[in-house]
Each structure stands twice: as C-alpha cells, then as structure tokens.
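# A look at the structure
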Amino acid sequence: MKELNELHLPEDARYSEDHEWAKPSNGVYLIGITDYAQDQLGDIVFVDLPEVGAVFQRGEEFGTVESTKAVSELCTPLGGEVVAVNAKLEDAPELVNQDPYESGWMISIRIEAPEEYGEMLGREEYLETLKGL
Amino acid sequence: MNRFPGAAGLVFNEPLLWEKGRPGRTAFSLPRPDVPAAPLPEELTADGPDFPDLSEPELVRHYTRLSQWNFCVDSGLYPLGSCTMKYNPKINEKQAARPALAGASPWLPEDLAQGALKLMHDLERLLAHITGLPAVTLQPAAGAQGELAGMLIIHACQRERGGQRTKILVPDTAHGTNPASAALCGYQPVGVSSGPDGVLTFEAVASVMDDRTAGIMMTNPNTLGLFEANCRSIADLVHERGGLVYMDGANLNAVMGIVDVAALGVDILHLNLHKTFSTPHGGGGPGAGPVCVRSELEPYLPVPRVMEENGRYRLSEDFPRSIGRLHAFHGNFGVMIKALSYILSLGPELKTVSQLAVLNANYLRKRLAGVFHLPYDRPCMHECVFTDRFQRPHKVTTLDMVKRLMDFGFHPPTIYFPLVVEGALMIEPTETESKEDLDLFIEALMEVAREAAEDPEALRRAPGLTKVRRLDETAAARKPRLCG
Amino acid sequence: MRYLPHTPDDIQTMLTVVGADDLEALFADVPKDCRMKEGLDLPPALTEWELNAHLAALAEGLPEPGEYISFLGAGSYEHHIPEVIQALRGRGEFLTPYTPYQPELSQGTLTAIYEYQTLTARLLGLEAANASLYDGASALAEALLMAVRVTRKTTVALSRLIHPHYRQVAETYLRPTGCRLVELNYLEDGRTDLNKLPPEGELAVVALQSPNFFGVIEDLKNGAEEAHDRRALLVAAFTEPLAYGLLKSPGSLGADIACGEGQSFGLAPSFGGPGLGMFACLMDHVRSMPGRLVGQTLDREGRRGFVLTLATREQHIRRERATSNICTNASHSALTAAMYMAALGRTGLAALARLNHDKAMYLRGALEAAGLPPRFRGPVFNEFVVQAGPGFERKYQALLTKKILFGLPLRTWYPELEDGCLLCVTETRSRAEMDALVQEVRP
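Residues numbered from 1 in each chain as written. Chains lettered and ligands numbered in written order. Predicted model: local features only at pLDDT ≥ 70, side-chain atom pairs only at ≥ 80, totals over all residues. Heavy atoms only, no water.

## Details of the overall build of chain C
- Per the secondary structure count, chain C includes 12 helices and 14 strands.
- The principal-axis extent of the C-alpha atoms belonging to chain C is close to 80 × 55 × 50 Å.
- The long-range fraction of contacts in chain C, counting pairs at least 24 apart against all pairs at least 6 apart in sequence, stands at 71%.
- Taken as a whole, chain C presents about 14,500 Å² of accessible surface, with 50% of it coming from carbon and sulfur.
- Of the charged side chains in chain C, 43 are positive and 53 negative, and the gap between their average positions amounts to 7 Å. (Helix = DSSP H or I, 4+ residues; strand = E, 2+ residues; numbered from the N terminus. Contact = heavy atoms within 4.5 Å. Areas by Shrake-Rupley, 256 points an atom, 1.4 Å probe, with all protein chains shown as cover. Lys, Arg positive; Asp, Glu negative; His and termini not counted. Charge placed at Lys NZ, Arg CZ, Asp CG, Glu CD.)

Here it is, written out as structure tokens:
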C-alpha cells in the first residue's frame, strides 16, 4: 500500500470523497477512480460499466470495480448522460491500476449542472480527507 | 525446523483426466445387456460427451495422487475460525454407509421407512434438547440454507402480524451469508456496529430497531470469539418493538451444555452439522443446516415434517402456514446419520467438548498475546482473533505470515475476517487438538513472527514446501479458465 | 472419550497458563440467566460397539440390498456404484479438508473440482459449470433467479412436468421476489405445451425438464427457440444426468442454463440426500452465476495450478448483493460424480445410457403386451408412465407383499392421470426381474 505522499493526484482533475476523479475534456467530463482507490483495491480484475446513453444523478452508482478480494461501487461525482465508456477496460482492467487518470478512465459524461464540478474537492482538500482515514 | 510437522517429501505430478487414458478404456464393470436394443429417433441422440477413457488402475492412481496434494484435518491442525474443523470420526462414516440406510429411496412406502424416519425424529429431539428450542427441521442442506429458512420464517410471521417490515439488523461481525440470506428474502440488511468491547451494545441496537425492522441476526459467540453478553437485553428490546431474533449457530461448539439458546431470547436458530457435530467438510460440503424454533413458530417450518404418533413415524406436508419446501426430498440424510452418531457417542460429554474447545482457544490466546496484536485483550470463547499490527512496520501482512506457516505443517487460520478488525487472523483450534500439537503450533507462529522482524523476505517467498507456490489469482479472475 | 486428547494434567497445566481456576471459570462472561439450568440430560455416551448396535436397530425394517425389486425413480435412482469409487472418495484427504481457500494446500480438491466442472460442462454442452449447488431442486431455483437477474424481467414460465418437489422449492425461493410464476401444462404426448407462453415484455425464462417427470424427452430445441424469440432464457432441468450419455445435450439444443440432480453419478440414494446440484451456463452469463468456481492459473514458478476464482460474486465478499447466499455446497458429491464420470469414460457412459434405455423400453413393451400400456407415446429414457386400471391400489399392495416396488403412483400431483404410475428401469434391473413383474401384473 502506498503512503499518502506517494499518491499521484494530478492538478487538472477534481476529486470526490468516494475516491472518484473528474476532469474536463472536449466539452464533456472524464471520470475514473483515484490512485488511492486503485492502490486500496489491489489488482483490478473487472470493471462493470453502464451503457452509453444511461443517465445518472450526482452520487448515483454507475457501476462496480472488482479486485480478486473486493468489490467497490462506482458513484458518479457529476450528474449527466454517459456519452462514452472505456471499452479497453473489458480486456485490460489493469489499466485502472497502471494509469488511473489517463488510459484507465472509465466513463465520459455530458453534465447537466456545471457548478457540480466546482463543488468537487481540489487535490489538497482530497488529500486532507485521506489523512482522516 | 524438523520438530515441526512440515517436511519436504516426494509428491507426484499428475495430469488432468483428459490428458490421460486411451479411447476404449473403462474403469467400470459394465453389466451385460440382457434385452434387445431399442432404437431412438436420430434427431434425439448424440454420441455422448467428450469424456476421457481411463482404466481402473489409472483412475486409482489419478485420484490417489490428487488426494496427496491436500492438507486435511486427518493430516494436521486446521484452525479456521468459525469453521470448527474438529476430528471427523470414522465410525460415523460406517453408519452412513450401512446398505439399508444408504440404499433407501426417499420414496419408500412408510412401512418400509420407519427406521429412517425414526432416525430423523430422534436427531430432531436431541437438537431440541441441546438448544432449548423445541421445534426442529433437518431439511436445510447447509447453514446458509438454514439462514434462508430463518429469514422466510420471519417474513411469514411478520406478514401474518401485519405491518410493513423491510429491514433486518445485521452486526458488523456477521458472516457474509447473513446479509446475503436476508437479501434473498427481500430484506434490506441494516448494519449495526459492535461496541468498543467487541460485542453489540443495547444502545446501538436501540438506535436502529424500529417498526420497519423485522428482526436481528446475531451470531453468539460472535466471530471475534466473544460472547454477546448483552444478548438478553437486545432480544427483549427487539421483541418489544415487534421484531424477531435469529441466531446463527455456527459457533455453538463454544457453548453446548452451558448456554440455553432459548434463554438468550432467540426465536430461530440454525445449526451446522458439519461444524459443531463433526460431520466431514468434504472440501466444501455437503453439510446440513437444521433450524430450531420456539413453539409459536413451528407452523412455519418447511415441509415435509417428521411426525410421530404412538411410535409410528410419517412425513407430513399438512402445514398450511409453512414456508414451503427447500430440498428435493428430506434434507441431507447421510449427513444426519453422522451427526446423530456423534451426539450418541458423546452424550452429556458434549459439555466437555465445549469446555475444552474454549480452553484450547484461551491457551492459544494467552501464549500468543504479545507476539501478535490482540484487538480485544480479554478471555475469548472457542476462537480468538489477532491482527498483523505488530508486523506491519516490517511490511509484513497477515497473508505473508500464513503462507509461511504452511511450511511448518499447519493449515492457516482464517484471514481478513471478521471485517471489523484490520488484517484479522481468526484461530479456532477445536477441542480435538492435543496440548502438544497446540504447543508446536504456537512455536511455529512465534518463529514466523520472528522471521517477520528479521527476514521478511522469507515470508514473502513462502510457501516453499507445498506442491505449488503462490498462485496468480489476478490472472485467474481477469481471464477466467473454468473448463479444460 | 477417545476424541478428546486432554488428560487431567493437560487441563491443569493449561488452566494455569490461562489463569483460570477450573473449566467453569472460562465461562465467567456468560450471564446466569443465559445458562442451561440442568445441564444436558442425554443418555450416557455409547461405546463404538453400542453405537453399531443402535444404528443396526434403526436400519432394521428398511430393505436390505436385493431384498426388494424396485422400479422407483422420480428423482432418486438406483445405479451400480463401483467399489473403486467408494474407496477413493472415502480417503481422508478428500473427506476432511475444508473449502479450498488456501490453494497451495488444496490442489487435490481444486484440481478434482476443475475436472468435475469440465466434465459437467461437456456433458451438458455448455461453457462453464460451477463447483456444485445443494441438489437439483435448489439448482433450479438458483437458475430461475439467475435468469431474472440477467434478463431483468419478472415472469417465470415453469413446465408442470418438472419434478413436483423442484417446483415447490422454486416457489419457496421465488416468493420473496414478487416474480410471477406461470405454469405450462402438457400435451397428449407427454411433453410440455409451449403454445401459451407469456409475451416478450415480461418473460424472463422458460424452464423445462428433460427427460421430464413422466420420463418423456422434451423438445428442448423448440423450447429454446420460443424462449429466445421472446428474449427470454431457456433453463433445461434434469433429474437423471445419465440420459446425456445418449441424448443430445441441452446446450447443443439451445439451453442457456442446464441444471439438475447428479445423484445418479456415484451417490447412494441415502433416503434423498445428500445430492448434487449440477449447474452449467454460457460464459456470457458467468458473472451472474451462483456457486463457487475453480479456475486455472499459474504459480510464481510457472507451474499450472487451480484456485477459487470470480469470488466477488459470492456472499463472503458481495454480502447482500451476492449472486446467491451459498457457501458450503456439495463438493464431496461433485468429486464423487467426477470419479464416476471418469470411471465410465465416454465409451462406458454411452453403453450404460443405452442399456438403461433398452431395459426401460423392454419393460414398457412387455407391460403393454400384458395389458398395461404406457400412458404417453413420446420417446423416453429410463422412466415411463403406465396407466394402471381400476383396482390398482390393491395390485400395488399385492406387489409390495411380493417384495416388488411398483414405481411411484402419480395421483398426488397429477390427479387427472388416475392411477398413473411412474416406473424406472436402470441397469440394476435384470430381464428376469422384469419378467417376474410382468407375470405378477398380468390380469
């Protein structure tokens, strides 16, 4: 398990207390799980993602991520419609471990309420929540 | 190292069944056809599945070699928590193999089945006596199916009472089957946190027990090996607010002849014949999960029930409020024979069984305290829970330690359960382990702890003496290969 | 007592270490009002010799092997069990371990169950089989729940020719879900009527048993088409897996899930249990499958080995969202079945299945010639229904006094059949025995 100071938390993303991240990309928002989450889960073996077109509210469960020993719900930090899903994760779930913020992205959402992004945590605030755990 | 059971030894490689054999061989003495061949329409028939053909000597060698790759209770200490891996008496196997019992069809006319029905009835009466709960079904095929029966009974009872109860309280120490069984019955499990002493508190239950809650599932002693001392007041509270109390009896080995389960306020209890009552686990079953209930709940028990009148036995489905049938026939009769044999062989000494089970666990606790972190440093019952907290500074985990323990010739205890404790190591020795074997086990664990501090790599390399080393479970899950 | 090693000295030494005065003191945490007032009031422990006598007395009155000639089937079958299988399955290394959670110490069980999964998948013509469920009845219930999960629809169509007890168990499991159960009746030829299936919008699954409770072979191909046309699954249940040594497999005919009872494969009838729930499905649905799964992998040094896998479906991880609550299953029964399938082999299985069928057909023909025709004309495997005439009950009792068990009267579940009786013939019935029966029933 990584120490807090070993965690990778990019500046260009915002974070949720549930250990998801989001960042804007070409008019939509990419969503995935943080370095802390993938480290806690261990080797990821399966990611269960929704269909394109599915609509979720902020905080709603949109899928699950599994390691050999645990399952975690994935809750979207932003409400909106799923416009894309990372198909590569079906054959290579390990991308979430290796590269959680880039090739390990999970879904991309067209959001309803832009202010929801601002309401997410910055990297420092997220780190603070991790210290409490 | 040579005073410990684990030793290097020649073990055989053995291919998979379909990597052996030759077409045309068989290990079966085929009966000679004494009737003419009767044709079947071609569109219905096929050539049969792609099975290997083996001769009898090949079959024997195959399974003999496979068996030698298994650690088992017969070979050494198998201290899995809440599993009660006690000695499985061989004489009980003989009883279950009696041709008249083994060969009996479940459809035998009543007149020809009296002995079998009496056997079941006798076992029911004995379990009723041991638990204090008078009405019993032997039908559920495992503890989890017993839990399902319990949930269905609660559901049926609550429905008759009226009201809309959709929740079941499940302690954070509960075995995973508990919330799964509740959910199968349409209930929403609501978690209750154990208190700082490792047991449920009245206040914690009171804060969640409402008129939308059908009841509570408790394990007593719980999976931390602690007696749920507040169980009476909790049961009274749950009853007062219209709920029912279910007890998971997996840990009954700690309290036979000592605790009156009915006096705990329990309405429904399941037992595990393959734990407390010595029937063999068989690598994962079959077991049996009888359910015992208070007399008010008797009408809900699954059918068929075994009835006795003037020394005559029969099966009856005439119970209109029953939750229905759970098993194709009457339950795992072969397992019941073994459990009955065990109970008859111990008699009142079942109490000694529990006393010695608790003695053995406390002995381990006392001797290992200080070597491993004890989250609840107080007397335990039949099992005790340690953690890897002392070893974590060396970057050694519970998993690493138990893999190394294998090389000493011991099966690991349960790991990472219960979930309330991080890095849990849950040890249940049972009463059939001698002091000398426990002493060796303790020494081995101490050795592992020493290695954790002085040579952690030795743990991470372990096991070294087993037929295979650590296996890649990640690859197995990412690209499942379930079939050859 | 010989299972308890502790001597008084051992106990004393250990109590000293623990810091307790006596064994009673170990239970100080148990409040008084939770105690058994009088202790266990049980008869004194029986010696091994007394236990033998006790069980012998209980077994008295039950038929000894060969004492009765039985034509009973209906979900519990009398088959020859080779002694080699009894010897192998009884080894302590197979009988006394636990679930193989520590794979390095359990390669025997894991390898054997992987082999069982493979043979089962091949037998049933599907892609993945689990490590067992309790019995055929709960396997059906789990299959229906799985189909509901996979299709997200809520109507379940069940053939009336599925074993009546299996249907009862399915009802018990489905009642809390609120799913609608629709019963499919049967046609004159003894097969299920598939003409009145619920519409696509609600239909999750069609369940048939083949051979069915009347012994008749169902048209699974048609069943699969009808189900798939309505975007529902076909569950093919069975009580006699030996049939698939001769008949086309359910998978090859389009079944999505095949499930049933494996008792015929090396397990004694044992008054109905333990049995073996066999269960197989397509890989597409494997993450929704209940029960344990063994998978192949490599160890650190590149050796092939086996582990429990896809465990996140199961209760110990998924808890209330698990695919099932099952933990302990019928592993040792699965091991036994694998041994049996391996002992027979492809050649033996085909021959034994043939023999069962030929013998059943012989009896069916002989009874017809003697005035007891089959009730249904559809093709059968090793069971069939005869229409006994009036006075049947008396005849049944008369045969009983001659130590012949004339099958299972069906009026309890099929009153419309009036004195219909289900007969089973396996390889254990000789021609002479069948001829003797025919002699007795000839009017």
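## Some thoughts on the sheet that holds strand β8 (residues 80-85) of chain A
All names here are of chain A.
- What the 6 strands build is an open sheet, ordered β1-β2-β3-β9-β8-β5; its pairing is antiparallel. Both outer strands of the open sheet, β1 (14-15) and β5 (55-56), are each paired with one neighbouring strand and no more.
- Bridge count for strand β2 (residues 20-25) against strand β3 (residues 28-33) is 6 bridges, and the pairing is antiparallel. Residue pairing in the sheet places A22 in a bridge with I31 of β3. (Pairing = 2+ DSSP bridges.)

## A closer look at the domain arrangement of chain C
Residue and element names in this part refer to chain C.
- By the assigned domains, chain C splits into domain 1 (69-81 + 346-441) and domain 2 (83-340).
- For domain 1 versus domain 2, the separation of C-alpha centres amounts to 27 Å.
- Contact with domain 1, which involves 33 residues of that partner, is made by 35 residues of domain 2.
- Here domain 1 meets domain 2 over a buried area of about 2,700 Å², counting both sides, of which 63% is carbon and sulfur. (Domains from an automatic or database assignment. Buried area = accessible area lost by both parts, 1.4 Å probe.)

## Focus: the nonpolar core
- Among the nonpolar cores identified, the biggest contains 239 residues, and F277(B), L140(C), F214(C) and F406(C) are the most heavily contacted of them.
- Ignoring any residue separated from it by four or fewer positions in sequence, one finds L140(C) in contact with L158(C), I162(C), Y166(C), A170(C), A207(C), V235(C), A237(C) and C259(C).
- I217(C), Y244(C), L344(C) and L352(C) belong to the second largest nonpolar core, which has 75 residues in total. (Core = buried A, V, L, I, M, F, W, Y, C linked by side-chain atoms within 4.5 Å. Buried < 20%, exposed > 50% of the residue type's maximum accessible area, 1.4 Å probe, protein only.)

## Concerning the interface of chain A and chain C
- With 11 residues of chain A at the interface, the matching set in chain C holds 6 residues.
- For the pair chain A and chain C, the summed buried area comes to about 640 Å², and 47% of that belongs to carbon and sulfur atoms.
- The largest per-residue losses of area from chain A upon contact with chain C belong to F46(A), E66(A) and V71(A), which jointly make up 51% of the total buried on that side.
- Here chain A is connected to chain C by 2 salt bridges.
- Here R321(C) and E73(A) are joined by a salt bridge, their closest N and O atoms 3.1 Å apart.
- When residues of the side of chain A that touches chain C are traced back to their parent elements, those giving at least two are β4 (44-48), β6 (61-67) and β7 (71-75) of chain A.
- Among the elements that take part in the side of chain A that touches chain C, β6(A) stands out by supplying 4 residues, more than any other.
- Taken together, the residues that form the side of chain A that touches chain C break down as 4 nonpolar, 3 polar and 4 charged. (Salt bridge = Lys/Arg side-chain N within 4 Å of Asp/Glu carboxyl O. Nonpolar A, V, L, I, M, F, W, Y, C, P; charged D, E, K, R; others polar.)

## So, the pairing of strand β5 (residues 244-248) of chain B
Residue and element names in this part refer to chain B.
- Taken across its 5 residues, β5 has 5 buried, putting it largely inside the fold.
- Side chains of β5 alternate between two faces, with L244, Y246 and D248 and V245 and M247 buried alike.
- With 5 bridges joining them, strand β4 (residues 213-219) and β5 adopt parallel strand pairing. Paired with I216 across the two strands is V245, which belongs to β5.
- Once the chain exits β4 it traverses helix α8 (residues 231-240) before rejoining the sheet at β5, and the crossover so formed is right-handed.
- Pairing of β5 with strand β6 (residues 268-270) involves 3 bridges; the strand directions are parallel. Across the sheet, residue Y246 finds its bridge partner in β6, namely I268. (Right-handed = clockwise from strand over helix to strand, strands pointing away.)

## A short note on unusual backbone geometry
Residue and element names in this part refer to chain B.
- Backbone torsion omega between N220 and P221 reads -5°, so that peptide bond is classified as cis.
- Residue position: P221 is located in the loop between β4 and α8.
- Residues G285 and P286 are joined by a peptide bond in cis, for which omega reads 5°.
- A positive phi angle, close to 60°, is found at K395, a residue other than glycine.
- Summarising the element assignment, K395 is placed in the loop between β10 (384-386) and α11 (398-407).

## Observations regarding the interface of chain B and chain C
- Listed per partner, the contact involves 202 residues of chain B and 180 residues of chain C.
- Buried area between chain B and chain C, summed over both chains or domains, comes out near 16,500 Å², and the portion from carbon and sulfur atoms is 66%.
- Three residues stand out in chain B for area buried against chain C, namely F51(B), W107(B) and L482(B), and they jointly supply 6% of the buried area on that side.
- There are 7 salt bridges connecting chain B and chain C.

## Things to note about the packing of aromatic side chains
- Inspection of every chain in the model, using the stated rule, returns 30 aromatic pairs over all chains.
- Centre to centre, the rings of F333(B) and F271(C) are 5.1 Å apart; their planes meet at 65°, and the pair counts as edge-to-face. Taken as a pair, F333(B) in helix α9 (residues 333-346) and F271(C) in the loop between β7 (257-261) and β8 (277-281) lie in two separate chains rather than in one.
- Judged by its relative accessible area of 1%, F333(B) is buried.
- Under the relative-accessibility criterion, F271(C) is labelled buried at 1%. (Phe/Tyr/Trp six-rings, centres within 6.5 Å; stacked < 30°, edge-to-face > 60°.)

## Some words on the environment of P179(B)
- The residue P179(B) is located in helix α6 (residues 177-184) in this model.
- Overall, the relative accessible area of 2% leaves P179(B) in the buried class.
- When the C-alpha positions of P179(B) and G191(B) are compared, they lie 9.2 Å apart, and in sequence the two are 12 residues distant.
- Aside from chain neighbours lying at most four places away, what touches P179(B) is V170(B), P189(B), R319(C) and E320(C).

## Regarding the pairing of strand β4 (residues 180-184) of chain C
Residues and elements named next belong to chain C.
- Note: strand β3 (residues 155-159) against β4, 5 bridges, orientation parallel. Directly across from V156, in β4, lies its bridge partner L181.
- With helix α7 (residues 164-174) bridging β3 and its parallel neighbour β4, the resulting β-α-β unit is right-handed.

## Regarding the state of the cysteines
- Taken as a whole, this structure holds 0 disulfides over all chains when the rule is applied.
- Free cysteine C83(B): the closest other cysteine sulfur is in C327(C), separated by 7.8 Å.
- On the basis of relative accessibility, which here comes to 6%, the residue C83(B) falls in the buried class.
- Its sulfur unpaired, C384(B) is 4.8 Å from the next cysteine sulfur, which belongs to C380(B). (Disulfide = S-S within 2.5 Å.)

## With respect to the sheet that holds β7(A)
Residues and elements named next belong to chain A.
- On the basis of which strands lie adjacent, the open sheet formed by 3 strands has the order β4-β6-β7 and antiparallel pairing. Every interior strand has two partners, whereas the edge strands, β4 and β7, have only one. Within the sheet, the average angular offset between the axes of one strand and its neighbour, ignoring direction, is 20°.
- Strand direction decides the pairing type here: β4 and β6, joined by 4 bridges, are antiparallel. Counterpart to F46 in the pairing with β6 is E66. (Axes fitted to C-alpha atoms, helices over the stretch in contact; angles between N-to-C directions.)

## Looking at the environment of R89(C)
Residues and elements named next belong to chain C.
- If you trace the backbone, R89 turns up in helix α3 (residues 83-89).
- Remark: the alpha-carbon pair of R89 and E225, spanning 136 residues in sequence, is separated by 41 Å.
- If sequence neighbours within four positions are ignored, R89 has contacts with F94, L95, L267, H332, T336 and M339.

## Brief notes about the packing of helix α10 (residues 331-369) of chain C against helix α12 (residues 431-441) of chain C
Residues and elements named next belong to chain C.
- Following both chains from N to C, one finds α10 and α12 inclined at 20°, their axes separated by 10 Å at the closest point. Judged by the angle between their axes, α10 and α12 are roughly parallel. When the axes of α10 and α12 are compared, the crossing they make is right-handed. In this structure, α10 uses K359, Y362, L363, A366 and L367 to contact α12, whose residues at the interface are R431, M434, D435, L437, V438 and V441.
- Grouping the amino acids of the contact of α10 with α12 by side-chain chemistry returns 8 nonpolar, no polar and 3 charged. (Parallel < 35°, antiparallel > 145°, perpendicular 65-115°, else oblique. Left-handed = near helix turned anticlockwise from the far one by under 90°.)

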